[in-house]
Amino acid sequence: MTASSSKQSAWRTAFAGALTLATIMGIGRFAYTPLLPMMLQDRIITLSEGGLIATLHYIGYFIGAALCMVWHLPPTKMIRSGLVLTIVLTLSMAFTDNIWVLLWLRFIAGLATGWAFVNTTSWFLQRFTELNHPAMAGYIFCGPGIGILITGLAAGSMIHNNWLASSGWIVFGLLALVLASICWHIFDHNPSIPVQEPAATTQPINRLATKHEPLWQAVSYGMSGLGYIITATFLPVIARLTIPGSRLLDFFWPLFGLCAAIGAMLSTRIPVHYDQRLLLVASYVMQATGIISCIVLPSEAGFALSSILLGLPFTALTLFGMREARRLGTAKRSRLIALMVTTYSFGQIIGPPLATYFATLTGSFNPALGIAAAALLTGAGIYATLSMRDHLHHQQTR
C-alpha cells in the first residue's frame, strides 16, 4: 500500500470509527440524557426512577465490558451486534411506559454498549496501527461528542415544540439506523492480531517501576467514571432546577457534545510519545473544575463554563487511557482495555443513585457533584504519582 492510499484508507477508517461511536455512545448511551426531561414532563417516570434506569444501564455497561475479558468472539461480530441492538432498543423505548420494561431495555442497551465500545476501541486502534497512522485513532473519539451534539440539539427543538418523549426515541432510533448503515461495511476487514508498533509511537517503559501500574491505572481510570457521570446523566435536569426559565437550558448539553468532539480532534495533535498519564491528570483537573464551576456559579455562565470544561477532555481522556493500555499491554491488550472500561463503568453505577439520593434528601445535586469532583481529583493524584515515580526511577538509573 502506498503512502497516499494508506492515508486515504486511514481517513475513511477514522470517519467510519467516528460514526460507529456516534451510534453506540452518542445515541445508544447518551440519548437518554436530553430525553430525560421529556420523560419526566410526560410523567412516564419520576426522578428516582430516572436515576434507577440510568444505574441499570451502567450496570449493563459494566457487565458488557467485563464479558470482553472472558469472551473471545470476533471483534467485528461484537461491534455489529452492538450496532443492531442500539437501533432496536432505542426504537423500543418509544413503545412502553412500563418502568420494568424500560429498566430491562436500558440494561440490555448497556450490555451492548459495553462490549461494543471495548471491541470498537481495540479494533480501530489495531487498524490504525496497520495503516501506519496510529495518531489518527483520536479522530474516532469525536463520534460520541458528535452524537451528543446532534441528539442534544434535536431534543431541545423537540422540547420547544412540545414533542412527546416517545417521538424522540423513534427519531434517535432511525438516526442510529442511518449512521450504522454508513459505517457497516468497514467491518468487512479483519486486522491482523497482533502487530508490533513502531518504536517511535510508544514511550520507553521500565518494567520494574511499572510492575503494578496496570491495576493502579484501572483504579484511576474508574475514578473518571464516577467523576463525570452525574453531570453527564443529569445536566439538563440540574440546569432546569438551578436556573429555571433560562433561554439556554437546551444548549448546555449540546455544548458539552460539541466540546467533546473538539477535544477529541485536538487530542490528535498531541504527540503520541508524550506521557499520557500527565495528559490524564490535566483532563481530570479540567473536568473537576467544570463540576465545581456549576456549584459556585449557579448561572448561565457557570453552566456554560461547566459544559465546556467537562466536554473538552471527555473523549480525549478515553484516547489517553487507551494509549496507556497499549503501552502497558501486549498480547492481553484487549483484556486490559476491558478491565479499564469495567472499572470506569463501575464508577458510573454509583453516580446516578448517589445523585438522586442527595437531590431527594436535600433538594440539590451539589453534594453529589462535590463527591464527583473529589473522585476526579483523586484519580488525577494517582496518575500524577505513577508518572512522578517513573520519572524519579529513570533519573536514579541513569
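Basis of the calculations
Every chain's residues receive numbers from 1 upward, in the order its sequence appears when written. Local features in this predicted model are restricted to residues of pLDDT 70 or higher, and side-chain atom pairs are both shown and tallied only at a pLDDT of 80 or more, whereas totals for entire chains, interfaces and linings draw on every residue. Computation of side-chain values: all heavy atoms of the structure, hydrogens and water removed. Each helix corresponds to a stretch of at least 4 residues labelled H or I by DSSP, and each strand to a stretch of at least 2 residues labelled E; elements are numbered beginning at the N terminus. Accessibility here uses a 1.4 Å probe with only protein chains present; expressed as a share of the type maximum, an area under 20% marks a residue as buried, one over 50% as exposed, and anything in between as partly exposed. Any pair of residues with heavy atoms lying within 4.5 Å of one another is described as a contacting pair. Only Phe, Tyr and Trp rings are paired, with Trp represented by its six-membered ring, and only when their centres lie within 6.5 Å; those with planes under 30 degrees apart are stacked, over 60 edge-to-face, the remainder tilted. Multiply 1.5 Å by the residue count of a helix minus one, and that product is the helix's expected span. Between N or O atoms, a polar contact is any pair within 3.5 Å; within protein, one atom must be a potential hydrogen donor and the other a potential acceptor, and residues adjacent in sequence are included only when both atoms are from side chains. The salt bridge definition used is simple: a Lys or Arg side-chain nitrogen within 4 Å of an Asp or Glu carboxyl oxygen. Each patch is built from residues that are more than 30% exposed by relative accessible area and take part in no salt bridge. Like charges join if they lie within 9 Å; nonpolar side chains (Val, Leu, Ile, Met, Phe, Trp, Tyr) join within 5 Å. A 1.4 Å probe and the Shrake-Rupley method give the accessible areas. Residues count as covered only by the protein chains that appear here. pLDDT expresses how confident the predictor is about each individual residue, on a scale running from 0 to 100. Cysteine sulfur atoms are paired as a disulfide whenever they fall within 2.5 Å.

**Student:** Any chance you could explain the overall build of the chain here in plain terms?
**Tutor:** Across its full length, the chain carries 14 helices and zero strands. Along the chain direction, N to C, the helices and strands of the chain fall in the order α-α-α-α-α-α-α-α-α-α-α-α-α-α. The principal-axis extent of the C-alpha atoms belonging to the chain is close to 60 × 45 × 35 Å. Buried positions account for 58% of the 398 residues belonging to the chain.

**Student:** What's the story with the side chain of Ser306 in this structure? I'm lost.
**Tutor:** Mapped onto the secondary structure, Ser306 falls in helix α11 (residues 300-311). On the basis of relative accessible area, Ser306 is assigned to the buried category, the value being 0%. With near-sequence residues (within four places) excluded, Ser306 lies in contact with Gly290, Ile291, Ser293 and Cys294.

**Student:** What exactly am I supposed to notice about the environment of Ser345 here?
**Tutor:** By secondary structure assignment, the location of Ser345 is in helix α13 (residues 333-362). Between the C-alpha atoms of Ser345 and Leu226, which are 119 residues apart in sequence, the distance is 8.2 Å. Those residues in contact with Ser345 that sit more than four places away from it in its chain are Tyr58, Tyr61 and Phe62.

**Student:** Sorry if this is basic, but what is going on with the packing of aromatic side chains here?
**Tutor:** Between two aromatic rings, the relevant description is the distance of the centres plus the angle of the planes. In total, this model carries 18 aromatic pairs according to the counting rule given. For the ring pair Phe30 and Tyr228, a centre distance of 6.4 Å and an interplane angle of 70° mean the geometry is edge-to-face. In this pair, Phe30 is assigned in the loop between α1 (3-27) and α2 (32-41) and Tyr228 in helix α8 (residues 213-242), connecting sequence segments 198 residues apart. The class for Tyr228 is buried, based on a relative accessible area of 2%. Ring geometry for Trp123 and Phe124: centres 4.8 Å apart, planes at 80°, overall edge-to-face.

**Student:** When you look at helix α10 (residues 276-296) in this model, what are you seeing that I'm missing?
**Tutor:** Between its first and last C-alpha atoms α10 spans 30 Å; for 21 residues at 1.5 Å apiece the expected length is 30 Å, and the two agree. Between the side-chain oxygen at the start of α10 and the backbone nitrogen of Arg277 there is a gap of 2.9 Å, and the oxygen is on Asp275.

**Student:** Would you explain helix α12 (residues 316-328) in this entry?
**Tutor:** An α-helical turn contains 3.6 residues, so a residue and the one three or four places further along point in the same direction. Taking 1.5 Å of rise per residue, 13 residues should cover 18 Å, and α12 covers 19 Å from first to last C-alpha, within 8% of that figure. Of all the 13 residues making up α12, 13 are buried; the element is thus mostly covered by neighbouring parts of the structure.

**Student:** Help me understand the pattern of salt bridges, please; the structure alone is not making it clear to me.
**Tutor:** If charged atoms from side chains of opposite charge come close, those side chains can pair. Scanning the model with the defined rule gives four salt bridges in all. For Glu130, the salt bridge goes to Arg127, with nearest N and O atoms at 3.0 Å. Note that Glu130 and Arg127 are positioned in helix α5 (residues 99-130) at a spacing of three residues, about one turn of the helix. Since its relative accessible area comes to 23%, Glu130 is described here as partly exposed. Between Arg277 and Asp275 there is a salt bridge, with its nearest N and O atoms 3.0 Å apart. Of the two residues, Arg277 and Asp275, both sit in the buried class.

**Student:** Just checking my understanding: could you explain a nonpolar patch on the surface for this structure?
**Tutor:** A surface patch of nonpolar side chains, amounting to about 390 Å² of accessible area, comprises Phe95, Ile170, Leu174 and Leu177. Within the secondary structure layout, Leu174 lies in helix α7 (residues 165-183). Here Leu174 falls in the partly exposed class, since its relative accessible area comes to 45%.

**Student:** How do you make sense of unusual backbone geometry when you look at a structure like this?
**Tutor:** Most peptide bonds adopt trans geometry, and most residues besides glycine take a negative phi value. You will see that Arg43, though not glycine, has its phi angle at about 60°, which is positive. Looking at the element boundaries, Arg43 is found in the loop between α2 and α3 (47-67). Classification of Arg43 as exposed rests on a relative accessible area of 76%.

**Student:** Got a minute to help me understand the confidence of the model for the chain in this structure?
**Tutor:** Detail in the predicted coordinates should be disregarded across regions flagged by low pLDDT. Across the chain, the average pLDDT comes to 86, with 91% of residues at or above 70. α7 holds the highest mean pLDDT among the elements of the chain, 96, whereas α12 holds the lowest, 79. Counting interchain partners and residues more than four positions distant, the pLDDT-below-50 stretch residues 193-209 has 28 contacts.

**Student:** Explanation requested: the state of the cysteines in the structure shown.
**Tutor:** Evaluated as defined, the whole model comprises zero disulfides. Between Cys68, a free cysteine, and Cys183, which holds the nearest cysteine sulfur, the sulfur-to-sulfur gap is 18 Å.

**Student:** Please explain the environment of Pro34 as it appears in this structure.
**Tutor:** Note that Pro34 resides in helix α2. Counting along the chain gives 25 residues from Pro34 to Ile59, while the straight-line C-alpha distance between them is 20 Å. Beyond its immediate chain neighbours, meaning those up to four positions away, Pro34 contacts Thr151, Gly152, Ala155, Ile159, Pro236 and Trp253.

**Student:** Please clarify how the side chain of Thr20 should be interpreted in this entry.
**Tutor:** Secondary-structure assignment places Thr20 in helix α1. Owing to a relative accessible area of 0%, Thr20 belongs among the buried residues under this scheme. Looking at Thr20, its side chain comes within polar contact range of the main-chain oxygen of Ala16, at 2.8 Å. Excluding residues that lie within four positions of it along the chain, Thr20 makes contacts with Ile79, Leu83, Thr120, Phe124, Cys183 and Phe187.

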